[in-house]
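Fold and geometry: a report
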Protein chains: 2
Amino acid sequence: MVTFSGIETQILDALRAIVGDDNVSAGASELELHSKDQSFHEGHLPEVVVWGQSSQQVADVLKLANDNGIPVTPWGAGSSLEGNPIPLHGGILLSLARMDAVVEVHADDFQVTVQAGKPHKDLNADLAKYGLFFPPDPGANATIGGMLANNAAGIRTVKYGASKDNVLAATVALADGRLIEVGSRSVKQSAGYNLLQLFVGSEGTLGIITEATLKLAPIPEHRSTMIATFDDMDKAVEAVVAVRGSGVDVAALEFLDQVAAMMLARAGMQIAPNNVLLMEVFNAHASGLEEDVSVVRDLCQDLDCVDFVAMTDRTAQAKLWEARHGAYETMVRMMPSMNFQIMDVAVPISAYPELVRHGHATLKEHGLMAALVGHAGDGNLHVTLPYADEAGLDTVKAINHAIVTKAQELGGTATGEHGVGIGKMGYMEAEHGVAIDVMRAVKQTFDPNGILNPGKVLPA
Amino acid sequence: MVTFSGIETQILDALRAIVGDDNVSAGASELELHSKDQSFHEGHLPEVVVWGQSSQQVADVLKLANDNGIPVTPWGAGSSLEGNPIPLHGGILLSLARMDAVVEVHADDFQVTVQAGKPHKDLNADLAKYGLFFPPDPGANATIGGMLANNAAGIRTVKYGASKDNVLAATVALADGRLIEVGSRSVKQSAGYNLLQLFVGSEGTLGIITEATLKLAPIPEHRSTMIATFDDMDKAVEAVVAVRGSGVDVAALEFLDQVAAMMLARAGMQIAPNNVLLMEVFNAHASGLEEDVSVVRDLCQDLDCVDFVAMTDRTAQAKLWEARHGAYETMVRMMPSMNFQIMDVAVPISAYPELVRHGHATLKEHGLMAALVGHAGDGNLHVTLPYADEAGLDTVKAINHAIVTKAQELGGTATGEHGVGIGKMGYMEAEHGVAIDVMRAVKQTFDPNGILNPGKVLPA
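A quick note: this is a predicted structure, and the numbers were derived from the prediction, not measured. Within each chain, residue numbers correspond to sequence positions counted from 1 in written order. Throughout, the order in which chains and ligands are written sets their labels, letters from A for the former and numbers from 1 for the latter. Where totals are concerned, whole chains, interfaces and linings use all residues; where local detail is concerned, this predicted model gives features only for residues with pLDDT of at least 70, and gives and counts side-chain atom pairs only at 80 or more. Water and hydrogen atoms were dropped before computing side-chain values, which therefore reflect all heavy atoms in the structure.

All names here are of chain A. One open sheet holds the seven strands; their spatial order is E15-E12-E14-E13-E17-E18-E16, and the pairing between them is antiparallel. Strand pairing shows two members of the sheet lacking a second neighbour, strand E15 (305-311) and strand E16 (339-346), which therefore form its edges. Taken pair by pair, the neighbouring strands of this sheet meet at an average axis angle of 15°, ignoring direction. A pair of strands is treated as paired once DSSP finds two or more bridges between them. Strands here mean DSSP runs of E at least two residues long; helices mean DSSP runs of H or I at least four residues long; both are numbered from the N terminus. Across six bridges, strand E12 (residues 222-230) lies against E15 in antiparallel orientation. Within the sheet, the bridge partner assigned to Thr229 lies in E15 and is Asp307. A fitted line through C-alpha atoms represents every axis, and for helices the fit uses only the stretch in contact; the resulting angles, taken between N-to-C directions, go from 0 to 180 degrees.

Glancing now at the side chain of His375 of chain A. Looking at where His375 of chain A falls in the secondary structure, it is placed in the loop between strand E17 (371-374) and strand E18 (380-387). Residue His375 of chain A is classed as buried on the basis of its relative accessible area of 7%. Each residue gets one of three labels from its accessible area relative to the maximum for its type: buried under 20%, exposed over 50%, partly exposed in between, using a 1.4 Å probe on protein chains only.

With that out of the way, let us pick up helix H10 (residues 286-302) of chain A. Residue and element names in this part refer to chain A. The end-to-end C-alpha distance of H10, which contains 17 residues, comes to 25 Å, matching closely the 24 Å that a straight helix rising 1.5 Å per residue would cover. Listed in full, the buried residues belonging to H10 are Gly288, Leu289, Asp292, Val293, Val296 and Cys300. Along the axis of H10, the buried residues cluster in a sector spanning 135°; they form a single face. The exposed residues of H10 that point more than 90 degrees off its buried face are Glu290 and Asp302. Contacts made by the buried residues of H10 are with E12, helix H8 (233-245), strand E14 (275-283) and E15. Positive phi appears at Asp304, one or two residues downstream of H10, with a value of about 65°. Given a helix with a known number of residues, its expected span is that number minus one, times 1.5 Å. The directions considered for the arc are those from the helix axis to the C-beta atoms. Only heavy atoms enter the contact rule, under which two residues are in contact if any of them lie within 4.5 Å.

The next subject is helix H8 (residues 233-245) of chain B. All names here are of chain B. Taking 1.5 Å per residue, 13 residues should reach 18 Å; H8 reaches 19 Å between its end C-alpha atoms and fits that length. All of the buried residues along H8 are Met233, Ala236, Val237, Ala239, Val240, Val241 and Val243. The inward-facing, buried residues of H8 abut strand E12 (222-230), strand E13 (250-256), strand E14 (275-283), helix H10 (286-302) and helix H13 (352-365). For H8, the capping residue at the N-terminal end is Asp232, with a side-chain oxygen 2.9 Å from the backbone nitrogen of Asp234. Counting of polar contacts relies on pairs of N or O atoms within 3.5 Å, with two restrictions inside protein: one atom must be capable of donating a hydrogen and the other of accepting it, and residues adjacent in sequence are counted only when both atoms are side-chain atoms.

Once their charged atoms are close, side chains differing in charge can pair, the charge on each being opposite to the other. Residues and elements named next belong to chain B. By salt bridge we mean one thing: a side-chain nitrogen of Lys or Arg within 4 Å of a carboxyl oxygen of Asp or Glu. Applying the stated criterion across every chain, the model contains 38 salt bridges over all chains. Asp126 is the partner of Lys118 in a salt bridge, and the nearest nitrogen-oxygen pair spans 2.8 Å. A relative accessible area of 10% places Lys118 in the buried class. With its nearest N and O atoms 2.9 Å apart, the salt bridge here joins Arg156 to Glu280. In this pair, Arg156 is assigned in the loop between helix H5 (144-150) and helix H6 (157-160) and Glu280 in strand E14, connecting sequence segments 124 residues apart. An identical accessibility class is assigned to Arg156 and Glu280; each is buried.

Looking now at the side chain of Glu211 of chain A. All names here are of chain A. Of note, Glu211 is situated in strand E10 (residues 208-215). His residues and chain termini do not enter the charge count, which takes Lys and Arg as positive and Asp and Glu as negative. This buried residue, Glu211, is left without a salt bridge; Arg185 holds the nearest opposite charge, at 9.8 Å. Setting aside its immediate chain neighbours within four residues, Glu211 contacts Ser55, Val103, Thr113, Val114, Gln115, Ala116, Ala169, Ala170 and Thr171.

This brings us to the pairing of strand E10 (residues 208-215) of chain B. All names here are of chain B. When you tally the buried positions in E10, you get seven out of eight residues, the bulk of the element. Sheet topology places strand E6 (residues 111-115) next to E10; five bridges connect them, and they run antiparallel. In the sheet register, Thr113 faces E10, and the bridge partner there is Thr213.

Time to look at the sheet that holds strand E17 (residues 371-374) of chain B. Sheet strands associate in pairs through backbone hydrogen bonding, adopting either a parallel or an antiparallel arrangement. Residue and element names in this part refer to chain B. The sheet built from seven strands is open, its strands ordered E15-E12-E14-E13-E17-E18-E16 with antiparallel pairing. At either margin of the open sheet sits one strand with a lone partner, and together these are strand E15 (305-311) and strand E16 (339-346). Across this sheet, the average inter-strand angle for adjacent strands is 15°, counted without regard to direction. The pairing of E13 with E17 spans two bridges and is antiparallel. Directly across from Phe255, in E17, lies its bridge partner Gly374. The sheet contacts of H10 involve E12, E14 and E15, and relative to E14 the element is tilted by about 160°. Of the strands in this sheet, E13, E16, E17 and strand E18 (380-387) are in contact with H13, which crosses E18 at around 10°.

Written out as structure tokens, the structure reads:
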């Protein structure tokens, strides 16, 4: 284990000299606010919170920290779910939240250059007037930097890909204070090593993304949201595979099991308390949209869906997706005395039915009622596991372990979109084998003093 | 410059022990056949050609070479265009061509696992019975391993992305003989560093991809190929930007200037000797296809296109694309006394008109007649530069330099799809700045003895 220096007065002075007095705080409330994300992982206080105002300042803070052996944990919105930005070793909590400018909209290129601290929902509000949007949507109003660092995904990934698929270039501050540009505004590039994709998904352990050029998509002209309800869970999940295989280019394909649907229905969502698929298709033409809906309806009906609703009203659509995005918060509100562990695994789509069946069997075996929801269209499953005490947490851990292990056995991954953070480190050896040593060598190359977000991603 | 050992008898014996006698050759004709790719770069003989038969054999050859300081240059089909697989330092030419098995078709997942030596056209022939295909299409019958190593792209990239966007996992042999698995069959993954994308596009300088799992797409139900002809080159190029901005999901958007169109028309392609856009749209529905074509036609007519043909006959379509793919060979045949340098740059789409105008102005300035063709839909331009002698080559070099520099100035790249190889090394510093030092550090980490494809990608 690396030993880090504490933060002395002269370091605080140097930090103030870099970012200005207003952007350094060691006040108890700021430390507390930046001690944990939205996960169940235990928080840890940083020694100081520093808000970078520019790429150069972020680089300068890193140089100072690197020269003095001080850990630096980058922070966006604190909305992650695996403890990714918890400052486990104290030190500097480096927030990008005040770097939230839209640097340039390249409307003709369907691109935007933004600072890393820009929250993605705010970005999309700004972009609406161009008829464009940044498709990845993890639900929470995560920052662009956080989304890239975690390779966040969400409900639109089935059509548009994850964050990694929607970024072209970035400015990155390295551990030693160098500032580099990676990638290109040219969508086609084959010029040297793809450093961009090495930083994306590295959770701030190799460098800090301070600015990025993102790919945008045109806001779809025609859009239909469909709700298909099934009595039989297996058939609902089979419908996921069938719709994916049909060639219809769905823009969302979400699964809610009975428990999830029941809770959301009780919270006011217009769905039946049954196995539910929420789907969406976009189309440039109204007629194409109708044909897409008709293909999906036929497939669902062939699999005995008991109800199928397609709606094009934008307000109703927005309400539905808001409710879906709020699923986790809804569950938390409905069981205020409980804590929750929200788990995240993903498998090849053909293995999704088996994963879901295994998840249900595991819950049953442990006698726990929990909601299964998932970005089913790309094989991603979340289980929201409630617990009240130490014994409950043990059960939750056992269930989590069983499902993660199963996902890996099925050719899948321990994390589809929440990242490794603290919670999935224990599964990296099994998932990557010898490649984990290569990852360690990469970490050593980029951050020889181990100051960047220590205690995350790679098991010691 | 690293000094490499020559190949002694005991090394040849050790190679034979790894791959078998039939898979080692130091015969003059084999050495000659593996001394140069399809580019204008001068060839260099390897000392021995070795055909790997399995991932483990490739790894074992690398270990032997690494332990003995022998350079290894990987080889697929030898179809690259920047000298990427020329064994500049002799040593071992490691061909993957005999590793061409389809390991497994995961039809429900739209995935296939193949050995690296499988040529992509052969793969698509095998996959046709599943109604699936691997979309990247560089024209030549490149191997999957070569396409991944170079991040090859081609005419379908505008819709489906480049090779990097169509790969999920790979087996990679490292310089020291370790064999690792990178990526996942889960399309969603956020579990640690993206080593897969580090190997993709690294041109065999960081490791050798021996097997890969690729993303496949359904063969489109309905397909229309369009030819739009323009008197005014500027307007043809403006139409490229307009079509891209229209939201129609084009599957190909190719530009041929008058010189290119004239040559191809003379060679029998059914196009007018004028500025031509070749376009294609795919659609799941016949009606959607008609609407797409109608949008594209309107846009082209608004920009004064003088002729617009849309065809759905598959034979005519295949003939047209075959002719487009054969453009380079056609030019070579028409001017048998000339040599050709085919250059490759790419820019953000909004800069494409300026790039094309600059290309024409540069050719005019040097008094050279050359064909401009391009995967215009993603900002990629190729100029086929003929030369007969030393003086001609100097002119070609000057033109190449001017256009590459311009592309970089326009926010683009020195290579969109041919890779760096030998020819673009001189532009890497300008394109990447400080990041080139990070690439060097990565190279050092993965290949400390510099045995992997030495003399490529990174300038010394």
